[in-house]
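# A structural walkthrough
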Amino acid sequence: MTNFLSTGDFERSTLEGLIEAAIRGKSAPNSDRPLAGKSVALVFFDPSLRTRASMQIGVYELGGNAVLLEPGSSSWTLEHREGIVMDGDKTEHLKEFVRVLERYVSAIGVRTFAQLKDWNLEREDPILNAFARYSAVPVINLESAMQHPCQAMADMMTIREKFGCEKKKVLLTWAWHPKPLPMAVPNSFALAAAQFGHDLRIAHPKDYELDDELVNEICGHAAANGGSVEFTHNVDQAFDEIDVVYAKSWGSKQFYGDPDGDLAERAQYRGKWIVDDKRMSQTADGIFMHCLPVRRNVIVTDSVIDSQRSVVIDEAENRLHIQKAIMTELLSSK
Ligand code: CP
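Residues numbered from 1 in each chain as written. Predicted model: local features only at pLDDT ≥ 70, side-chain atom pairs only at ≥ 80, totals over all residues. Heavy atoms only, no water.

### Details of the overall build of the protein
- Of regular secondary structure, the protein possesses 13 helices and 11 strands.
- Radius of gyration (C-alpha) of the protein: 20 Å, near the 20 Å computed for a compact globule of 334 residues.
- Across the 334 residues of the protein, 55% fall into the buried class.
- Carbon and sulfur atoms make up 48% of the accessible area of the protein, which totals about 14,300 Å².
- Positive and negative side-chain charges in the protein, numbering 37 and 48 respectively, have mean positions lying 3 Å apart. (Helix = DSSP H or I, 4+ residues; strand = E, 2+ residues; numbered from the N terminus. Rg over C-alpha atoms; globule rule 2.2 N^0.38 Å. Buried < 20%, exposed > 50% of the residue type's maximum accessible area, 1.4 Å probe, protein only. Areas by Shrake-Rupley, 256 points an atom, 1.4 Å probe, with all protein chains shown as cover. Lys, Arg positive; Asp, Glu negative; His and termini not counted. Charge placed at Lys NZ, Arg CZ, Asp CG, Glu CD.)

### A closer look at the sheet that holds strand S11 (residues 287-289)
- Reading across from one edge, S9-S8-S7-S10-S11 is the order of the 5 strands in this open sheet, with parallel pairing throughout. Edge positions in the open sheet fall to strand S9 (228-232) and S11, since each of these has one partner strand only. Neighbour to neighbour, the strand axes of the sheet diverge by 20 degrees on average, direction disregarded.
- With 5 bridges joining them, strand S8 (residues 199-203) and S9 adopt parallel strand pairing. When the bridges of S9 are listed, Ile202 appears paired with Phe231. (Pairing = 2+ DSSP bridges. Axes fitted to C-alpha atoms, helices over the stretch in contact; angles between N-to-C directions.)

### Observations concerning the sheet that holds strand S5 (residues 107-111)
- Taken in spatial order, the 4 strands of this open sheet run S2-S1-S5-S6, and their pairing is parallel. Across the chains shown, the open sheet's two edge strands, defined by having one partner strand only, are strand S2 (65-69) and strand S6 (139-141). In this sheet, adjacent strand axes meet at a mean angle of 20 degrees when their direction is disregarded.
- The pairing of S5 with S6 spans 3 bridges and is parallel. Across the sheet, the residue bridging to Gly109 is Ile140, located in S6.
- Contacting strand S1 (39-44), S2 and S5, helix H3 (residues 94-101) runs over the sheet at an angle of about 155 degrees to S1. (Contact = heavy atoms within 4.5 Å.)

### Looking at the environment of Thr7
- Along the polypeptide, Thr7 turns up in the segment before helix H1 (12-27).
- On a C-alpha basis, the gap between Thr7 and Ser188 in space is 7.5 Å, while along the polypeptide they are 181 residues apart.
- Setting aside chain neighbours within four positions, we find Thr7 in contact with Leu15, Pro149, Met153, Leu191, Ala192 and Gln195.

### What to know about the site of the ligand
- As a matter of local geometry, the ligand sits amid Ser48, Leu49, Arg50, Thr51, Arg111, His148, Gln151, Cys291, Leu292 and Arg319.
- Note that an oxygen atom of the ligand is positioned 2.7 Å from one of the backbone N or O atoms of Leu49.
- Between the ligand and Arg319 there is a distance of 3.2 Å, counted from an oxygen atom to a side-chain nitrogen or oxygen.
- Protein contacts shield 94% of the accessible area of the ligand, which totals 260 Å² for the unbound molecule.
- Along the lines of polarity and charge, the residues of the shell around the ligand split into 3 nonpolar, 4 polar and 3 charged.
- Residue-level mapping places the shell around the ligand at the junction of two domains, with at least three residues from each of domain 1 (7-147 + 317-331) and domain 2 (151-315). (Near = heavy atom within 4 Å. Polar contact = N/O pair within 3.5 Å; in protein donor to acceptor, adjacent residues only side chain to side chain. Nonpolar A, V, L, I, M, F, W, Y, C, P; charged D, E, K, R; others polar. Domains from an automatic or database assignment.)

### Re the pairing of S1
- The buried fraction of S1 amounts to 6 of the 6 residues, a majority that puts the element mostly inside the structure.
- A two-sided burial pattern is seen for S1, the buried positions comprising Ser39, Ala41 and Val43 on one face and Val40, Leu42 and Phe44 on the other.
- After leaving S1, the chain enters helix H2 (residues 50-61) and then returns to the sheet as S2, a path that is right-handed.
- Direction of pairing for S1 relative to S5: parallel, over a ladder of 5 bridges. When the bridges of S5 are listed, Phe44 appears paired with Arg111. (Right-handed = clockwise from strand over helix to strand, strands pointing away.)

### Describing helix H6 (residues 149-163)
- Over its 15 residues, H6 runs 21 Å from end to end, which matches the ideal 21 Å to within 8%, given 1.5 Å per residue.
- For H6, the buried fraction is high: 12 of the 15 residues fall into the buried class.
- Of all the positions in H6, only Pro149, Cys150, Gln151, Ala152, Met153, Ala154, Asp155, Met156, Met157, Thr158, Ile159 and Arg160 are classed as buried.
- Following H6 by one or two positions, Gly164 adopts a phi angle in the positive range, close to 75 degrees. (Expected span 1.5 Å × (residues − 1).)

In structure tokens, the structure reads:
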């Protein structure tokens, strides 16, 4: 393992091993300090509660030192494009930023959200990939334009804790939200669920499709791992017989760079694409999952998120345990 950018880069057996290590570490923390004497840079272009706190604490608990950097705030604004004349608002190029950092640290974690401006550009995850290209030390994706693999691994760990190794019927459902959001979380959740062999149903309104290439990858992993993938636009039937409900809103590719167009399109779905008691009653006594932060009574009603079926706090806790397992795997032998 050289970087941790997407679960799609790894075999299922490797991902299973990380989850087993995280579950062991959660139940019986050991005194090993694989990061003793090492530092990890945490580069946050965007806000965070869970990722930032769990990474800082995780590095500490593994014996290391976390260095938090916020380009444009506590560190210089960064340019990532090649061959650019830097006469605008960017002060430092990523090439120097990364090459300087790697003289100090053993790994670099990066959070860099989609800007929701240019689909063809952003679907290539240019900033994350520039970090990976320039860095000689491992890069950990802490949510990029297109992927949030640490979240997806914490989600798979949570499903494993609740249901064991058995494959489950898993619903990824779009939800109405007052503005378009990036696709990293739904992309990574669907990809990981397919890699773990679950029967995955993806529900969203027309025009809110995931990336075609990613959908092919998801279908390939499902077939290879004994799972299945189905798609529906019918929110009234999407919850039938489901064991795991995963809610997330995302923006439309059709309206990428056109937030007003997206808002006008999604207005018809307000109050319809929401997780409430009626929808949960259609499930097979299913659990409710969300990566957080979540807008209450927009994405999910109070009565669902506050119920015994909600595992959102477990998912957030598991971020700590799975990221410790990932960092141990990346760094203990280096
Ligand atoms: N789920 C998640 O990544 O939370 P933060 O944005 O608070 O880090």
